[in-house]
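As a plain string of letters, each chain reads:
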Amino acid sequence: MSVAELMAFGARADVVLAVEHALMDRAPAHDAPLLRGIEALEYVLAEHPRDAIVACIVAQAHVDLAWAWRGIGWDVEIARRNREAFEAHFARARDIMAPFSAQTANSALLASLACALNGAEEDGGRGLANRFEALIDINPRNTASLRALGTQMLPRWYGSYATLELEARRTAARTAGIWGAGGYTWVMFDAISMDDEACARLDLDFFVEGLRDILARRRDPHTANLLAAYCANTIGQAYSGHDAADHNRAQIAACANWIVREHLTELHPMIWAHAAQGFANNLRVSSASRFAAAGRDDALRIIAGLFRREIEAGKRIVFTDEGAQTQPA
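Let me sum up the structure you'll find in this document. (Residues numbered from 1 in each chain as written. Predicted model: local features only at pLDDT ≥ 70, side-chain atom pairs only at ≥ 80, totals over all residues. Heavy atoms only, no water.)

1. Here's the deal with the pattern of salt bridges
Keep this limit in mind: Here, a salt bridge means any side-chain nitrogen of Lys or Arg that lies within 4 Å of a carboxyl oxygen of Asp or Glu. Numbering of helices and strands runs from the N terminus; a helix is a DSSP stretch of H or I covering at least four residues, while a strand is a stretch of E covering at least two. Partly exposed residues are those whose accessible area sits between 20% and 50% of the maximum for their type, while under 20% is buried and over 50% is exposed, using a 1.4 Å probe and protein chains only.
A complete count under the given rule lists 17 salt bridges for this structure. Close ionic contact of Arg249 with Asp246 constitutes a salt bridge, the shortest N to O distance being 2.7 Å. Linking Arg249 with Asp246, this pair stays in helix α15 (residues 243-263), spanning 3 residues, or about one helical turn. Just as Arg249 is buried, Asp246 falls in that class too. Residues Arg301 and Asp298 are paired through a salt bridge, measuring 3.1 Å at the closest nitrogen-oxygen approach. Here the residue Arg301 and the residue Asp298 both occupy positions in helix α17 (residues 288-306), the gap between them amounting to 3 residues, near one helical turn. With a relative accessible area of 48%, Arg301 lands in the partly exposed category. Taken together, the salt bridges that share partners define one network made up of Glu133, Glu167 and Arg170.

Listed below in structure tokens is the structure:
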């Protein structure tokens, strides 16, 4: 996550989280103050009408509130009231950012918001793909943009399976100097975890090559935990009965073995806990300590399974600078 995105989230978090809490069960109290917080941000915007960053934060808050009302289901599942609130917040966000459209070429923060505001266009995802291309070119090392591109190219949002594949390959070509084949993997990362057909259509060899290229270029423990947990838990526990998708899932899940053995130098329980929930951004966690403990338990269970034969032979598993290895007990 970029520093600018983190600071912008902090600036609006109280407003957004309050509304998300009120909407948690999709039936907010009649007198719930759903607009009080965003109205306060609008007053700040009125005091700084020419400040692009203030405008961006207020518009981002509207986008977050829009998605809090809508949820992430298919269009047919959304109640009329929720859909109207979604559309109203998006419309206001677009109005706020209209005077600053020329500044997106030089700011990853504004370019990211331009991608988020694309929802109403009906052009098969082409306009949105172009916006993401501009965003990724500004900051190709920010994997959140690559992952978001893949999600938004799914048919349930603004693209198609053909468009998803095309944009994943185009992104891989443009970012090859940074990620190797990893650009393809990052774009497909979340898309294949939530869509059977996208997973079934995946170029598996290209995806696995991308996993290796990512780990060769980003050797930090966070990335190793992220990819190991993703393969073993997010994908490895998501079998659905779709034969082609499940075949690819099994092959990706098997990658956890070499990722753990060759790259995992320490354990990050929070990442494993989020992986078990599909990395859901709107996940409500009542206890961070219990959430982390569940992630640790998942990780140790999965790692023990990978080293089952060695453990049965009386050896123990130790994290070293060269990855997880076995040693005599």
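2. A look at the packing of aromatic side chains
Defined as follows: Only centres within 6.5 Å qualify two rings of Phe, Tyr or Trp (six-membered ring in Trp) as a pair; their planes then separate them into stacked at under 30 degrees, edge-to-face at over 60, and tilted for everything else. Whether a charge sits over a ring comes down to the Lys NZ or Arg CZ being within 6 Å of the ring centre and within 35 degrees of the ring normal.
Inspection of the entire model under this criterion finds 10 aromatic pairs. Ring centres of Trp67 and Phe86 lie 5.0 Å apart, and the angle between their planes is 70 degrees; this geometry places the pair in the edge-to-face category. In this pair, Trp67 is assigned in helix α3 (residues 52-70) and Phe86 in helix α4 (residues 80-97), connecting sequence segments 19 residues apart. Exposure remark for Trp67: the relative accessible area of 24% places this residue in the partly exposed category. Residue classification places Phe86 among the buried residues on the basis of a relative accessible area of 13%. One aromatic cluster is present, formed by Trp179, Trp186, Phe189, Phe207, Tyr230 and Phe279 through successive ring pairs. Above the ring of Phe86, the side-chain terminus of Arg70 is found at 5.8 Å from the ring centroid. Positioned above the aromatic ring of Phe279 is the side chain of Arg147, whose terminal nitrogen or guanidinium carbon lies 5.3 Å from the ring centre.

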